[in-house]
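# Observations on the three-dimensional arrangement
Here are the chains, one letter per residue:
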Amino acid sequence: MSALPGVSPEAVDVLRLQGWMQARGLDHGPIEQARMLSGGTQNLLVHLRHEDGFCCVLRRPQLPARAEAGAALLREARVLGALAATAVPHARLLAACSDDGVLGAPFYLMQAIDGFNPSGTPLPGRHAKDPAWRRRMGLALVDALLALGEVDPAAMGLADLGRPQGFLQRQVGRWQRQLEGCRGLDGWEGPEGLTGVAEVGRWLQQHCPAAGATGLMHGDFHLSNVMFRRDSPELAAVVDWELTTIGDPLLDLGWLLATWPDAAGQGAGTIRVQPWSGFPTPAELVEHYGRHSPRPLDHLDWYVVLARYKLGILLECSHARSCAGLADPCVGKRHHASAQRLLHQALDLVES
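Conventions used here
- Residues numbered from 1 in each chain as written.
- Predicted model: local features only at pLDDT ≥ 70, side-chain atom pairs only at ≥ 80, totals over all residues.
- Heavy atoms only, no water.
- Helix = DSSP H or I, 4+ residues; strand = E, 2+ residues; numbered from the N terminus.
- Rg over C-alpha atoms; globule rule 2.2 N^0.38 Å.
- Buried < 20%, exposed > 50% of the residue type's maximum accessible area, 1.4 Å probe, protein only.
- Contact = heavy atoms within 4.5 Å.
- 1 Å grid on protein atoms, 1.4 Å probe; cavity = no way out; pocket = protein on both sides within 12 Å on 5 of 7 lines; lining within 4 Å.
- Points joined across faces, edges and corners; volume = space filled by probe spheres on them.
- Pairing = 2+ DSSP bridges.
- Axes fitted to C-alpha atoms, helices over the stretch in contact; angles between N-to-C directions.
- Parallel < 35°, antiparallel > 145°, perpendicular 65-115°, else oblique.
- Left-handed = near helix turned anticlockwise from the far one by under 90°.
- Nonpolar A, V, L, I, M, F, W, Y, C, P; charged D, E, K, R; others polar.
- Patch = residues over 30% accessible without salt bridge, like charges linked within 9 Å, V, L, I, M, F, W, Y side chains within 5 Å.
- Areas by Shrake-Rupley, 256 points an atom, 1.4 Å probe, with all protein chains shown as cover.
- Salt bridge = Lys/Arg side-chain N within 4 Å of Asp/Glu carboxyl O.
- Lys, Arg positive; Asp, Glu negative; His and termini not counted.
- Charge placed at Lys NZ, Arg CZ, Asp CG, Glu CD.
- Polar contact = N/O pair within 3.5 Å; in protein donor to acceptor, adjacent residues only side chain to side chain.
- Disulfide = S-S within 2.5 Å.
- Expected span 1.5 Å × (residues − 1).

### A word on the overall build of the chain
- Along its length, the chain carries eleven helices and ten strands.
- A compact globule built from 352 residues would reach a C-alpha radius of gyration of about 20 Å, and the chain, at 21 Å, matches this within 12%.
- Principal axes of the C-alpha set define a box for the chain whose edges measure 60 × 50 × 40 Å.
- In the chain, which comprises 352 residues, the share counted as buried stands at 50%.
- Counted over contacts in the chain with a minimum sequence separation of 6, partners at least 24 positions apart contribute 67%.

Here it is as structure tokens:
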């Protein structure tokens, strides 16, 4: 087994990977450099540089690899392959491998993106200096959603990716079950400790809008899951497509609004962007989307409430696991506070 400094041989056997790439016409000489990238919790990301200067990124499940993680990763690779024929900014799929015998788990290789994520570290260069660039950054996010909303899943070979029939009606029950499933975790006070979750769930069920036109949706669209170009305010790529499904694309817009930072640049969870002045307001994002999309926005508040409800439950489940010693307790406390804040915001919108 062969590896490079900074990457364990269990994660990437360099010689096996090189042989596999050569067999698929991706022969760029020996891999000279490999470094772990941040940003993945379910998967490992490894940046690879070859002898001839070619760079790519390998994505594989975390160790030890679980079968369901491998299946989800191959599903994501399938989505990336389909996006090649669209205007949606993404990292181009180079090749995917379902054979565990190569690296011990499924994996895929994608284009290395020359860009940056805006969350967590100060914006670089002109992005930090020019408010007009920051305004365009926000609108570029909406343009990516508009492009994704135009994708025909069937034409891209993705007709079986989800169950669009009854998609909206299933949402509350699905996330209720996920939260209830945490009841057996020691030290967690239960769903009753998440103020407003029952009230918001009832409101969502009582006000569920009629289904609109279904389409491909990202499933986790926010500022931490995009990369911007270094030489312009445009998007370089939308990343982390593992939750992509066929459903209601307005939920992606609701998710973006639910996670959008406040006047101080602090968004849901760990999203933080500095400097923030110049970015569009939520109302301006909605106006831009509505001007360029045929989808009616009459019930947009419902989608924003659903996004806050869903994200609040996901964060609370993380807190529940931390109470049982299955996750970092400090992270769990932060997630609980974020979940409470999201549910309070959802209640405020419901009652307004």
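### Examining the layout of surface pockets
- Estimated volume of the second largest pocket: approximately 270 Å³.
- Looking at the second largest pocket, it is lined by 18 residues, and the ones nearest its centre are Leu257, Ala258, Trp260, Arg308 and Gln345.
- Contributing elements (two or more residues each) for the lining of the second largest pocket: α8 (250–259), α9 (282–292), α10 (300–323) and α11 (329–351).
- Sort the elements by how many residues they give to the lining of the second largest pocket and α11 lands first, with four residues.

### Some thoughts on the environment of Val239
- Relative to the elements of secondary structure, Val239 occurs in the loop between β9 (235–238) and β10 (245–247).
- In sequence terms Val239 and Asn225 are 14 residues apart; their C-alpha atoms lie 5.3 Å from each other.
- Excluding its chain neighbours within four sequence positions, the residues that come into contact with Val239 are His218, Asn225, Val226 and Met227.

### So, the sheet that holds strand β6 (residues 115–116)
- Spatially, the three strands line up as an open sheet ordered β6-β8-β9, and their pairing is antiparallel. With partners counted over all chains shown, the strands left at the sheet margins are β6 and β9, one partner each.
- One ladder, built from three bridges, connects strand β8 (residues 226–229) with β9; its direction is antiparallel. Note on β9: the bridge partner recorded for Val226 is Val238.

### What to know about the packing of helix α6 (residues 167–180) against α10
- Running from N to C, α6 and α10 point in directions that differ by 20°, and their axes come no closer than 9 Å. When the interaxial angle is binned, α6 and α10 end up roughly parallel. Considering only the axes of α6 and α10, their crossing is left-handed. Here Leu168, Gln171, Val172, Trp175, Gln176, Gln178 and Leu179 of α6 lie close against α10, whose contacting residues are Trp302, Tyr303, Leu306, Tyr309, Lys310, Ile313, Leu314, Glu316 and Cys317.
- Grouping the amino acids of the contact of α6 with α10 by side-chain chemistry returns eleven nonpolar, three polar and two charged.

### Side note on the sheet that holds strand β3 (residues 55–61)
- Taken in spatial order, the five strands make up an open sheet running β1-β2-β3-β5-β4, and their pairing is antiparallel. The open sheet has two free edges, formed respectively by β1 (31–37) and β4 (93–97), since each of these has just one partner strand. Averaged over all pairs of adjacent strands, the angle between strand axes in this sheet comes to 20°, irrespective of strand direction.
- Pairing geometry for β1 and strand β2 (residues 43–50), over six bridges, is antiparallel.

### Concerning a negative patch on the surface
- Among the surface-exposed residues, Asp27, Glu32, Glu51 and Asp52 lie close enough to one another that they form a single negatively charged patch.
- Relative to the assigned elements, Asp52 resides in the loop between β2 and β3.

### Thoughts on unusual backbone geometry
- Cis geometry is adopted by the peptide bond preceding Pro275, which originates at Gln274 and carries an omega value of -5°.
- Here Pro275 lies in the loop between α8 and α9.
- The phi dihedral of Asp240 falls on the positive side, at around 60°, and the residue is not glycine.
- In this structure Asp240 comes out as buried when scored by relative accessible area, which is 17%.

### Quick look at the side chain of Ser119
- Looking at the element boundaries, Ser119 is found in the loop between β6 and α4 (125–129).
- On the basis of relative accessibility, which here comes to 15%, the residue Ser119 falls in the buried class.
- There is a polar contact of 3.2 Å between the side chain of Ser119 and the backbone nitrogen of Arg272.

### Quick look at the packing of α8 against α9
- Closest axis-to-axis distance for the α8/α9 pair is 10 Å, and the angle between their directions is 160°. With respect to α9, the element α8 is oriented roughly antiparallel. Our pair here, α8 against α9, has a crossing hand that is right-handed. Residues Leu250, Leu253, Leu256 and Leu257 of α8 form the contact with α9, whose own contacting residues are Pro282, Leu285, Val286 and Tyr289.
- Class assignment of the residues belonging to the contact of α8 with α9 gives a composition of eight nonpolar, no polar and no charged.

### Quick notes on the state of the cysteines
- Using the criterion set out here, one finds zero disulfides in the structure.
- The cysteine Cys97 is free of any disulfide, with Cys56 supplying the nearest cysteine sulfur at 14 Å.
- Cys317 forms no disulfide, and the closest cysteine sulfur to it belongs to Cys182, at a distance of 3.4 Å.
- Classification of Cys317 by relative accessible area gives buried; the value is 2%.

### Quick look at α10
- Given a rise of 1.5 Å per residue, 24 residues ought to cover 34 Å, and the 35 Å separating the end C-alpha atoms of α10 matches this to within 8%.
- Counting buried residues along α10, 20 of its 24 residues qualify, which places the element largely inside the surrounding structure.
- Directly after α10, the chain includes Gly325, whose backbone phi takes a positive value near 80°.

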